[in-house]
Structures are given as C-alpha cells and as structure tokens.
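# Observations on the three-dimensional arrangement
Listed below, chain by chain, are the residues.
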Amino acid sequence: MQRLLVNQADITQIEIEDSRSIDLKPGQARLTLRRFALTANNVTYAACGFAIGYWKFFPSGIDGKGILPVWGFAEVVESQSEALDVGARLYGFFPLAEELVIEPEVLGGSVILDASMHRADLPVVYNRYTLVKLRSAAEEQLQALLQPLLATSYLLSDWLLDNAFFGADQVIVGSASSKTGLGLCKFLAEQSSRSVKIIGLTSQRNIPFVQSLGACDAVIGYDDIENIDAIPSVYVDMAGSAAVKARLHAHLAKVLKHSCAVGMSHWDEFRPGQKFEGPAPEFFFAPAQIEKRRMDWGPGVIDARIGEAWRRIASDASTWLDVKPHAGMRAVPDIYTGLADGSASPRDGFVVSL
C-alpha cells in the first residue's frame, strides 16, 4: 500500500512510501481510493496541519511526517461491518494513500460516519461519507475538485450575509484567483440586492483571469493595494501572506470592519503571531457555520443549499477551469510541488485516478 508522506517541519518535502496494509477487525471496512483532487486547498491542510488539526485525521505513525487529506471517491474492497458492503462507493475526506480502514456507522439515508476512536473529537463534517453510484469520470472529477472548495465559498458568502457584512461597503477577496476565492466572488455577485462592492485581490499575472470571471467590481494586483478605496471594508484572505495582509491592514486600518483568514495559498509567506494594524484577523472555520445553520434551519437544509449552490457555480466551470487528469500515485509529487510553489495555473484542476 502506497501513501504520500509530508515533512511536517517543511511541507515542500514529500515522499511516497510503501506501507503494510493492516488486518481488519470486526466492525471495520477497507476502502481503496479511486479518484481524488489536488488543489491549493490541500497545501493549506498541510500548512495548517497542527494549528487546525488536519494531521490528526489520518495519523502516519511516524514522528514528523503526516498524511495529506484529500477529497475524492473510494470503493469498499473488504468489509467486516454490516454498515458497508463490498463494492460500495463513497465520496468524502480521505488520506492521500491507496487505502483507508474505517469503522462505519450509518447515520441515515446515504450518509456513513467513520466512528474510529481517533476521529471522535474531530469536526464531524470531515468524518461523514456519502454513498454514491459510479458515475462518469468527468462527473467525479468535477465533484472532487469543486464541491469542497465551492462549499466553503458558499458558507463564506452565507456567513458574510449572516453578519450583515460587518457594516462594510466592500468585500476584498485575497487570492481571488483561487477556486475558493473565485467561488466567493461569484456567490456574492449573484445577490441582486447586494449593497457591497466586490474587490478581487490577486497577483499581477492573474489579473486577466480574475477579470474574465466577470464577478468582481474591480480587480487589484498586490502591487497596487494602496489604490483600494479606503471605505468600510471586510478582508477575506485566502492567501495567508503576512506582507500582503500587513499592507492592506495598514492602508485600511481605520475603516477595516473585519479581517477573515480562510486559506494559505501563500503559505510560505505566513508569519504566525504577527500583529497588524486595525482588527486582529480571525480564522473562518466552515464547519462552525454549518453547525450554526443546522441549528438555525433544522437538519438537512444547509446541506441541500450547499449542494445546489456548488452545482450552480460549477455548471459553467468549463469557462474558467481546465481539468487535468492524471493516473497513479507517481503523478502526485509534481502536482503537489506546483501547487506548493505557486507555479500552477489558476485555471488548472488536477485529479488523480488510482
């Protein structure tokens, strides 16, 4: 069984390791990963592995090395559980490894929970798996790539609405070329009665791409942060660059209503503990908004809205996304390196089949 190990002290250092498969115990099932996506979001998982706990989901058993989580599809190849039959296909959160052993529990309908003890205190949204039918490669590629990212985009837009945009007149989306960033811009642009401007902040080379989305009222390069209108603002940061954040906070300190940290596509420019002018940045944790809406709206409503929302935005994905399919574990290191060093094109969506 092969798996990708990440050096937790230097997430650019990775290796593919051959590991022994473990024997099943009663109540367990063995899943083989069939198809998964790799995006800048996975680099964020590695960069925030300790701070948010992503290394805890799939422990490697090796000090200093972690297993990267990915979103995708797996097939049950062995089962000692009445909850899952061999041949069942699941969508969800997996280790970047050829297989995963879980302790499945049926939550109702098509939802399966991994009740493994080490995951009991982790956010339940990551422990849920959905039973799905085998579909075309194109359909699975799109879901693996976009569902987790656009779900976060939708939850961010819902959270901003829920908080009346913190009294701001504009929302500045950092790393607007990222799929989560462009999704947020698109969801905000859909609101016919919105009272805020949408400002896409991105690298100079990605300005034309973000402009082509047609979702932003203005697209600003990182070199021109000081040209952003100094009006009441919310900053939603997908990049994590301390230098960018410091300049934006300094420029808007007196009018910045809220600063929200979401991703770390610029993980190498992150400086933990750094102080900024204006409000202190606060981390946005999507599972918390999901749980709030479950309390507000009742069971199943937020899940249905997320599903409808990501499919709606994904319906025109061919205009802003080029799916790049790959085969085999050996394709992973080059893809991961391109995402980690920022050389990958924002249009590219990488999917690996095993």
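Preceding block: the structure.
A brief report on the enclosed structure follows. (Residues numbered from 1 in each chain as written. Predicted model: local features only at pLDDT ≥ 70, side-chain atom pairs only at ≥ 80, totals over all residues. Heavy atoms only, no water.)

## A closer look at helix α1 (residues 40–47)
Within α1, six of the eight residues are buried, leaving the element largely enclosed by the surrounding structure. Taken together, the buried positions of α1 are occupied by Asn41, Asn42, Val43, Thr44, Tyr45 and Ala46. Of the surrounding elements, those touching the buried residues of α1 are β3 (29–38), β5 (69–79), β6 (89–95), α2 (124–127), α3 (137–162) and α9 (332–340). Capping the start of α1, Thr39 holds a side-chain oxygen 3.1 Å from the backbone nitrogen of Asn41, two or three residues further along. (Buried < 20%, exposed > 50% of the residue type's maximum accessible area, 1.4 Å probe, protein only. Helix = DSSP H or I, 4+ residues; strand = E, 2+ residues; numbered from the N terminus. Contact = heavy atoms within 4.5 Å. Polar contact = N/O pair within 3.5 Å; in protein donor to acceptor, adjacent residues only side chain to side chain.)

## Brief notes about unusual backbone geometry
In this structure, Ala164 takes a positive phi of about 50° despite not being glycine. Assignment of secondary structure puts Ala164 in the loop between α3 and β11 (170–174). Residue classification places Ala164 among the exposed positions, given a relative accessible area of 55%. The backbone of Phe165 shows a phi angle near 55°, a positive value even though the residue is not glycine.

## Side note on the packing of α3 against helix α4 (residues 179–190)
Closest axis-to-axis distance for the α3/α4 pair is 8 Å, and the angle between their directions is 45°. When the axes of α3 and α4 are compared, the pair comes out oblique. Between α3 and α4 lies a crossing whose hand is right-handed. For the pair formed by α3 and α4, the contact residues are Leu146, Leu149, Leu150, Thr152, Ser153, Tyr154, Leu156, Ser157 and Leu160 on the first element and Lys179, Thr180, Gly183, Leu184, Phe187 and Leu188 on the second. Of the residues in the contact of α3 with α4, the class split is nine nonpolar, five polar and one charged. (Axes fitted to C-alpha atoms, helices over the stretch in contact; angles between N-to-C directions. Parallel < 35°, antiparallel > 145°, perpendicular 65-115°, else oblique. Left-handed = near helix turned anticlockwise from the far one by under 90°. Nonpolar A, V, L, I, M, F, W, Y, C, P; charged D, E, K, R; others polar.)

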